Amino acid sequence: MQAHSQGQSNKVALVIGAGDATGGAIAKRFARGGYISCMTRRNAEKLQPLIDEIEEAGGRAYGFASDARKEEQVIKLIEDIENNIGQIEVLVFNIGANVPCSILEETARKYFKIWEMACFAAFLTGREVAKRMVTRQQGTIIFTGATAGLRGAAYFSAFAGAKHALRALAQSMARELGPQNIHVAHVVVDGAIDTDFIKNSFPHIYEKKDQDGILNPEHIAENYWHIAQQPRDSWTHELDLRPWIEKW
């Protein structure tokens, strides 16, 4: 954990899986909006540049090394934040697990690991944060989904199974927690995102950036911010984001 000074507000936005693209952009957006951004990766050192960027812009940030698949680590993470930093008002679960493989070659170990990353970790984190939010009768929980949560494509049996389960988890939590003033949302991100991975591995896709053909992480983050600010008479549960040229 990297400790930093706090301002007057102690409202926290926790981003589980704050990578260099979408997760980082979400953390920066909430910090800009006055939240203390708490961010996790399995390697906390990778969060330092993001923490520095947020602080240089006048925000507040904390970084944590945490494996969201491990119950004891999740419990400790939430307790540390709630006891030492502030109340978690927004949770964003943003762990990816998109690993294509033929069903003929998929292994039980990898299939289970993908489910752990994309669904089980969301359950653990969502449960622990919801326990706190229920006592305060307020909060927002946002899960990052994918088109695989709506339909399973060839070679994505593990990812599709996990993302379908994540979507069902979000629906169940929304129905249970909504009456307690907790907004649960599921965001379907459909399309390539502007990342170094796409740039280096799929240059033919990255070429579409100039046509607004791939998702800008900052624009994704703006939608997450909007969800968290919605009045409860007009809550969005499911939102899909895709470039205008994406087939669906």
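Here is a short report on the structure shown in this document.

What counts as what
- Throughout this description, residue numbers start from 1 for each chain and increase along the sequence as written.
- The predicted nature of this model means local features are confined to residues of pLDDT at least 70 and side-chain atom pairs, given and counted, to a pLDDT of 80 or more, with totals for whole chains, interfaces and linings taken over all residues.
- With hydrogens and water stripped out, all remaining heavy atoms of the structure feed into the side-chain values.
- Only DSSP runs of H or I reaching four residues or more are called helices, and only runs of E reaching two or more are called strands; each is numbered from the N terminus.
- For the radius of gyration, the atoms used are the C-alpha atoms, and the globule rule reads 2.2 Å times the number of residues raised to 0.38.
- Here's how the labels work: a residue is buried when its accessible area is under 20% of the maximum for its type, exposed when over 50%, partly exposed in between, all with a 1.4 Å probe on protein chains only.
- Two joining distances apply to patches: 9 Å for like charges and 5 Å for nonpolar side chains (Val, Leu, Ile, Met, Phe, Trp, Tyr), and every residue must have over 30% relative accessible area and no salt bridge.
- The Shrake-Rupley method, run with a 1.4 Å probe, gives the accessible areas here. Residue values count only the displayed protein chains as cover.
- Salt bridges are counted wherever a side-chain nitrogen of Lys or Arg sits within 4 Å of a carboxyl oxygen of Asp or Glu.
- When charges are tallied, Lys and Arg are placed among the positive residues and Asp and Glu among the negative ones, while His and the ends of the chain are skipped.
- Just so you know, the charge point we use is NZ for Lys, CZ for Arg, CG for Asp and CD for Glu.
- Whether two residues are in contact is decided by their heavy atoms: any pair within 4.5 Å suffices.
- Classification of ring pairs uses Phe, Tyr and Trp, with its six-membered ring standing for Trp, and accepts pairs whose centres are within 6.5 Å; under 30 degrees between planes counts as stacked, over 60 as edge-to-face, and the remaining range as tilted.
- Note on geometry: a ring has a charge over it if NZ (lysine) or CZ (arginine) is within 6 Å of the ring centre and within 35 degrees of the ring normal.
- For the purposes of this section, nonpolar cores are sets of buried Ala, Val, Leu, Ile, Met, Phe, Trp, Tyr and Cys residues that join through side-chain atoms within 4.5 Å.
- Here, any two strands with at least 2 DSSP bridges between them count as paired.
- The axes used here are C-alpha line fits, helices contributing only the stretch in contact, and every angle between their N-to-C directions lies in the interval 0 to 180 degrees.

Some words on the overall build of the protein chain
Helix and strand counts for the protein chain stand at eight helices and seven strands. Relative to the 2.2 N^0.38 estimate, which gives 18 Å for 248 residues, the radius of gyration of the protein chain is 17 Å and therefore close to what a compact globule would have. Its C-alpha atoms give the protein chain principal-axis dimensions of about 50 × 40 × 40 Å. Burial statistics for the protein chain: of 248 residues in total, 50% are counted as buried.

Here's the deal with a positive patch on the surface
A grouping of Arg42, Lys46, Arg109 and Lys113 is seen on the molecular surface, where their side chains present a positively charged patch. The residue Lys113 is located in helix α4 (residues 108–136) in this model.

Considerations on the side chain of Glu116
Here Glu116 lies in helix α4. What makes Glu116 buried here is its relative accessible area of 15%. Residues within four places of Glu116 in sequence aside, it is in contact with Arg69 and Ala121.

Digging into the environment of Leu14
For Leu14, the location among the structural elements is in strand β1 (residues 11–16). Sequence separation between Leu14 and Ile81 is 67 residues, and the spatial gap between their C-alpha atoms is 9.0 Å. Residues in contact with Leu14, not counting those within four places in the same chain, are Cys38, Thr40, Leu77, Ile78, Ile81, Ile88, Val90, Leu91, Val92 and Val129.

Regarding the packing of aromatic side chains
Any pair of aromatic rings gets described here by the distance separating the centres and the angle formed by the planes. Applying the stated criterion across every chain, the model contains eight aromatic pairs. On the numbers, 5.9 Å between centres and 35° between planes, the contact of Phe120 with Phe123 is tilted. Here Phe120 pairs with Phe123, and both are found in helix α4, just three residues apart, close to one helical turn. Through a chain of ring-to-ring contacts, the aromatic side chains of Phe112, Trp115, Phe120 and Phe123 assemble into a single cluster. The ring centre of Tyr35 lies 4.4 Å from the NZ or CZ of Lys11, which sits over that ring.

Section: the nonpolar core
In this structure, Leu14, Cys38, Ile81, Ile141, Phe143 and Val184 are the most contacted members of the largest nonpolar core, which totals 39 residues. Discounting chain neighbours no more than four positions away, the residues touching Val184 are Ile141, Phe143, Ala170, Met173, Ala174, Leu177, Thr236 and His237. Val15, Ala18, Leu47 and Ile227 belong to the second largest nonpolar core, which has 30 residues in total.

A closer look at the sheet that holds strand β5 (residues 139–146)
Pairing is parallel across the open sheet formed by seven strands, whose spatial order is β3-β2-β1-β4-β5-β6-β7. Two strands in the sheet have a free side with no partner beyond their single neighbour: β3 (60–65) and β7 (238–241). When the angles between neighbouring strand axes are averaged without regard to direction, this sheet yields 20°. Examined bridge by bridge, β1 and strand β2 (residues 36–41) share five bridges and lie parallel to one another. Looking at β2, one finds that Val15 is bridged to Met39. Lying over the sheet, α4 contacts β1, β4 (87–93), β5 and β6 (182–189), oriented at roughly 160° with respect to β4. Against the sheet, helix α5 (residues 157–177) engages β5, β6 and β7, with an angle of about 160° to β5.

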